[in-house]
Amino acid sequence: MTKEFEMTDIGLMAYYLGIEVNQREDGSFISQAGYAREILKKFRMDNSKSINTPVECGVKLSKHDKEEKVDPTFFKSLVGSLRYLTCTRPDILYAVGLVSRYMEDLTTTHLKIAKRILHYIKGTIDFGLLYSTSNHFKLEGYSDSDWGGDIDDRKSTTGFVFFMGDTTFTWMSKKQPIVTLSTCEAEYVAATSCVCHAVWLRNLLNELSLP
């Protein structure tokens, strides 16, 4: 590239668009610890207590919640900030996707769930992804779904994650486009979505001449 473009080598990358890169002997560790601290400070949660999970198990939200309405500008700013954090934090993707569904008719109930994510981040601020130097290139994917998790339209949520060896490199959590009639059908829809992504990934890896 130096033959085609005028550029300067400034060494190994350490920071890029809010993502911190720590080059180590066992691989490259990427995180957004600094950005996470900025979010906590921005929303005045930097002195809050930490909790162990980003969302309560089995929680159900609705657009028709009767609680007090909250400022949509504040809520949208919070959710937008959290969405960028999912670049290196797949552990909060489902929770952030859940609160993202209620950007219009939002109440104190939805805000409480969003703030719970901040409590979780407070205790896991240094979490990130390690891209190891392993020569193990086996592609593995895992999928899962709930059933009728959205009580407003009865649609389920698909989730999948792919590993290259022991490294997580792509993930998704998304509401399914159709209403499924059983847990088996919901799991089938999730698995189909995962398989389609797997086929695309295998073709991409073949183009890159990776084993």
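Everything quoted here is computed from the prediction, not taken from an experiment. (Residues numbered from 1 in each chain as written. Predicted model: local features only at pLDDT ≥ 70, side-chain atom pairs only at ≥ 80, totals over all residues. Heavy atoms only, no water.)

Visitor: Mind showing me how you'd approach the packing of helix α3 (residues 93-100) against helix α4 (residues 108-123) here?
Guide: Two measures define how a pair of helices packs: the angle their axes make with one another and the distance between the axes. Closest axis-to-axis distance for the α3/α4 pair is 10 Å, and the angle between their directions is 160°. Put simply, α3 runs roughly antiparallel to α4. Along this stretch, α3 crosses α4, giving a crossing that reads as left-handed. On the side of α3, the interface is formed by A95, V96 and V99, while α4 contributes H110, I113, A114 and I117. Considering only residue class, the contact of α3 with α4 consists of six nonpolar, one polar and no charged. (Axes fitted to C-alpha atoms, helices over the stretch in contact; angles between N-to-C directions. Helix = DSSP H or I, 4+ residues; strand = E, 2+ residues; numbered from the N terminus. Parallel < 35°, antiparallel > 145°, perpendicular 65-115°, else oblique. Left-handed = near helix turned anticlockwise from the far one by under 90°. Contact = heavy atoms within 4.5 Å. Nonpolar A, V, L, I, M, F, W, Y, C, P; charged D, E, K, R; others polar.)

Visitor: Got a minute to help me understand the UniProt feature "domain: Reverse transcriptase Ty1/copia-type" (unreviewed entry) in the protein in this structure?
Guide: In this numbering, the UniProt entry assigns the feature "domain: Reverse transcriptase Ty1/copia-type" (unreviewed entry) to residues 1-56. As annotated, residues 1-56 has a helix share of 18% and a strand share of 23%, and its two end C-alpha atoms lie 49 Å apart. (UniProt positions renumbered as here; feature names shortened; annotations may be inferred.)

Visitor: I would appreciate a short explanation of the sheet that holds strand β5 (residues 139-145) in the present structure.
Guide: Two pairing modes exist for strands in a sheet, parallel and antiparallel, and in both the strands are linked by backbone hydrogen bonds. Taken together, three strands build an open sheet; the order of strands is β5-β6-β7 and the sheet is antiparallel. Each edge of the open sheet is held by one strand with a lone partner, namely β5 and β7 (167-175). The sheet shows a mean angle of 10° between the axes of neighbouring strands, taken without regard to direction. Where β5 and strand β6 (residues 157-164) come together, seven bridges link them in antiparallel fashion. Residue pairing across strands places E140 opposite F163, the latter belonging to β6. (Pairing = 2+ DSSP bridges.)

Visitor: Is there a simple way to explain the packing of aromatic side chains in this structure?
Guide: All chains considered together, the criterion is met by four aromatic pairs. Ring geometry for F43 versus F74: centroids 5.4 Å apart, planes at 85°, classification edge-to-face. Here the residue F43 occupies a position in the loop between α1 (33-42) and α2 (72-85), and F74 occupies one in helix α2, the gap between them amounting to 31 residues. Aromatic pair F160 and F162: ring centres 5.6 Å apart, planes at 75°, arrangement edge-to-face. Comparing F160 with F162, the two get one shared label, buried. (Phe/Tyr/Trp six-rings, centres within 6.5 Å; stacked < 30°, edge-to-face > 60°. Buried < 20%, exposed > 50% of the residue type's maximum accessible area, 1.4 Å probe, protein only.)

Visitor: Mind showing me how you'd approach the sheet that holds strand β3 (residues 27-31) here?
Guide: Read across the sheet, four strands follow the order β1-β2-β3-β4 without closing on themselves; strand pairing throughout is antiparallel. Here the strands that pair on one side only, and so sit at the sheet edges, are β1 (15-16) and β4 (128-132). Pairing of β3 with β4 involves five bridges; the strand directions are antiparallel. Of the residues in β4, the one forming a bridge with S28 is Y131.

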